[in-house]
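Results of the structural survey
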Amino acid sequence: MQLPVSGQRQALLAQRKVNRLIHRESLKVVGHFQMVNVIVTEGHKGDFYDFYEHAWPDDLLGPRPTPDIRQLLQRDRSGNVIIRRHYVDYAGLCLSSPYTRQMLKKMLKVAIDAGLDGIITNYNYRWSCACPYCQAAFKKYLARKYTAEQLSEKFGISNLETYVFDRIAGEIPGYPDENATPLDWEAMQWSAIAFKEAFDEILIGYGRKLKPDLIIATWNHLGEMSIAEERMFLPIDMWGRGENYFWYSGGYGPTDLKKHRAGDGWLNCLYIREMTGGKPFVLGKYEGVRLRNSIAEGVATGGCGMGLYMNIHDPVGFQVCSSYLNFLRTHRYVYRNVSSCSEVGLVFPRRSILAGRRLSMDVFRKTGRSLIDRHVLFDVIADERMDRQRILQYRALILPDIECLSDFQCRFLDEFIEKGGLLIVIGKPGMGETPARNDALRQFKQAARIVHVPDEDTDTVIGTLSRFVPGLTIFHAPWTVRVAAYSARNRIFIHFVNYDRDEDMGKNLRGPADECPVKAENLRVDIRIPEGRVVRDIRCISPDDEGQEVHVRWSTAGSRIQFDVPPVFVYSIIEIKL
Ligand SMILES: [Zn+2]
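Now for a look at the structure at hand.

Surrounding the zinc ion are the protein donor atoms Cys-94 (SG), Cys-129 (SG), Cys-131 (SG) and Cys-134 (SG), at 2.2 to 2.3 Å. Within one chain, the residues donating to the zinc ion are spaced in sequence as C-x34-C-x1-C-x2-C. Within this pair, whereas Cys-94 is found in the loop between strand S4 (88-92) and helix H4 (98-113), its partner Cys-134 is found in helix H5 (residues 132-145), the two being separated by 40 residues in sequence. Using a relative accessible area of 2% as the deciding quantity, one classes Cys-94 as buried.

A few words on the side chain of Thr-301. Locating Thr-301 in the fold gives a position in the loop between helix H9 (291-300) and helix H10 (315-330). There is a polar contact of 3.1 Å between the side chain of Thr-301 and the backbone oxygen of Gly-298. Non-local contacts of Thr-301, meaning those with residues more than four positions away in its chain, are made with Trp-266, Cys-269, Leu-270, Arg-273, Phe-281 and Tyr-486.

Extensive coverage of strand S21 (residues 537-541) is indicated by the burial of five of its five residues. Where S21 and strand S25 (residues 571-577) come together, five bridges link them in antiparallel fashion. Among the inter-strand pairings, Asp-537 is bridged to a residue of S25, identified as Lys-577. In terms of strand pairing, S21 meets strand S22 (residues 550-551) through two bridges, oriented antiparallel. Bridge assignment links Cys-540 to a residue of S22, and that residue is Val-550.

Let's shift gears to the sheet that holds strand S12 (residues 344-348). Within the open sheet, the five strands sit side by side as S13-S12-S14-S15-S16. Their pairing is parallel. Unpaired on one side and paired on the other, strand S13 (378-382) and strand S16 (450-453) mark the two borders of the sheet. Taken pair by pair, the neighbouring strands of this sheet meet at an average axis angle of 20°, ignoring direction. The sheet contact formed by S12 and S13 spans five bridges and is parallel. Bridging across to S13, Gly-345 finds its partner in Asp-379.

Right, let's talk about unusual backbone geometry for a bit. The omega torsion of the bond from Ile-172 to Pro-173 falls at -5°, within 30 degrees of zero and hence cis. Of note, Pro-173 is situated in the loop between strand S7 (171-172) and helix H7 (182-210). Looking along the chain, the bond that leaves Gly-253 and enters Pro-254 is cis, with omega of -5°. Note on placement: Pro-254 falls in the loop between strand S9 (245-250) and helix H8 (266-276). At Tyr-123, a position not held by glycine, the phi torsion is positive, near 55°. Looking at the secondary structure, you find Tyr-123 in the loop between strand S5 (118-122) and strand S6 (126-127). In this structure, Asn-337 takes a positive phi of about 55° despite not being glycine. Inspection of the secondary structure puts Asn-337 in the loop between H10 and strand S11 (339-340).

Here we come to the packing of aromatic side chains. Within this structure, the stated rule accounts for 27 aromatic pairs. Between Phe-48 and Phe-51, the aromatic rings sit 6.0 Å apart at their centres with planes inclined by 35°, giving tilted as the arrangement. Of the two residues, Phe-48 and Phe-51 both sit in helix H2 (residues 48-54), three residues apart, roughly one turn of that helix. For the pair formed by Phe-48 and Phe-51, the shared burial category is buried. One aromatic cluster is present, built from ring pairs that chain together Phe-138, Tyr-141, Tyr-163, Phe-165 and Trp-190. Above the ring of Trp-239, the side-chain terminus of Arg-231 is found at 4.3 Å from the ring centroid. The ring of Tyr-499 has Arg-482 lying over it, and the distance from NZ or CZ to the ring centre is 5.1 Å.

Here the structure, examined in full by the defined rule, presents 36 salt bridges. Here Glu-243 ties to Arg-231 by a salt bridge, and the two come within 2.9 Å at their closest N and O atoms. Of this pair, Glu-243 sits in the loop between strand S8 (215-223) and S9 while Arg-231 sits in the loop between S8 and S9, and the two are twelve residues apart along the sequence. On the basis of relative accessibility, which here comes to 6%, the residue Arg-231 falls in the buried class.

About the thresholds
Residues numbered from 1 in each chain as written. Predicted model: local features only at pLDDT ≥ 70, side-chain atom pairs only at ≥ 80, totals over all residues. Heavy atoms only, no water. Donors = N, O, S within 2.8 Å, 3.2 Å for Na, K, Ca; no water. Helix = DSSP H or I, 4+ residues; strand = E, 2+ residues; numbered from the N terminus. Buried < 20%, exposed > 50% of the residue type's maximum accessible area, 1.4 Å probe, protein only. Polar contact = N/O pair within 3.5 Å; in protein donor to acceptor, adjacent residues only side chain to side chain. Contact = heavy atoms within 4.5 Å. Pairing = 2+ DSSP bridges. Axes fitted to C-alpha atoms, helices over the stretch in contact; angles between N-to-C directions. Phe/Tyr/Trp six-rings, centres within 6.5 Å; stacked < 30°, edge-to-face > 60°. Lys NZ or Arg CZ within 6 Å of the ring centre and 35° of its normal. Salt bridge = Lys/Arg side-chain N within 4 Å of Asp/Glu carboxyl O.

Treat this as a map of the structure, not an account of what it does.
Structure, rendered in structure tokens:
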């Protein structure tokens, strides 16, 4: 744990002291809080069993919630405690157990009393526990959702009350395998809901009763847009509800440019931005080399930039972090009260993924990466959040292998097309396992403003956009540069993040000195200016240039302007004043 002292009370005392010091600097402390994983060892020396049975601090936590430790832990149908391995062996706390929730509340109170301002929970997992508490909770959920006839017909359960589940295949994180039964799919949804309900009861209900302004966050894992991320099965109205910020691991680097790998988390960030509805987020990339690039990627996509792995003890790391953070502070108007002015919407096929269509995620990922490499200004839109007002702001919408949309949403799409929007449909819509829901989507094939792209032909998607959507912003830039655009009242901001680096020179990846960026040159932008507006000034600002601004000359052709972008070291912003 890298604590400066050992012993529960000594560590708590040390933590209180640290908290006071941090508060004196007007900063806040967020503590990590384990929801599930507890360490177990051979012979139980110094592990959770040892703590629970021999070192439980009554004075801090009150009496133990139960003398039987197994009542706290995830178990299989036969009652064996489930053990998983991740560096070390773990047992898992079962959040269906009232004793577990009671224990976690007591622990949370100790943390808050010690002066924490916030809590981030990690290992937000569930391991197919089939303990009596989970049996009862899953039954309650099923009884609420289905009639006795439906239970019998759909799952072969004739008497729910006496039924015993051999397994409850709710895995967080996870995605059902090919042979999963309808009950397994149901268990996935239940476990996502049950986890959030327990989280809400402990952190939001109890935690905020103790401290109404308690900052609450979760640390989850996205990898490279993984279909199994912790919240994939959570109903969208519960997604992040009541939480203040979001941390996702993923988008790992470094680069492998010969293999066309920028080591970027751009698509991840756009997904998280969409799902969090604009709340702060961090993509934890587990990389201490490309500090400039990681901060730039985070803030250019609407997040906070990197938090962990920013090695400020390294002289180069300190210089990079301080210059970038100073830049962000000085130029906060670039990030605040702005809205994305993307031209294309890439729909995230959440319903289809939840309906069992793995391919939808693959097509989404491939299409997204291609749009990023080809400098298309796009937002990710969760299909469940597609509404009229949002859709109509885009020039084109891309549906990547979308199998399910509600009839309601299809009516918006009709209007979108009628008003001149272009719909690009990749794959075979409405041909999946739930055809009844897709009649409206199927009839789109007839419309003129729909381009149907078979398979995953991303080149055709890009070609179609430039051919059929006049007026899109055109960037001349290498694929290693990513772009994003935002607008404010009298401004357009275009962010450029450069991923090109000298991989030979920085091959040791020892630290921030090995970032070795290679300047991107000869960048050119051709952009349409909103009707009735004129350009007053264009300047380029960059944290790589000590915040020095460079004025940019532009030429006008009708409603469009063209200009060259000064060479981009890692991160530059073009500010167009209207
Ligand atoms: Zn359980």
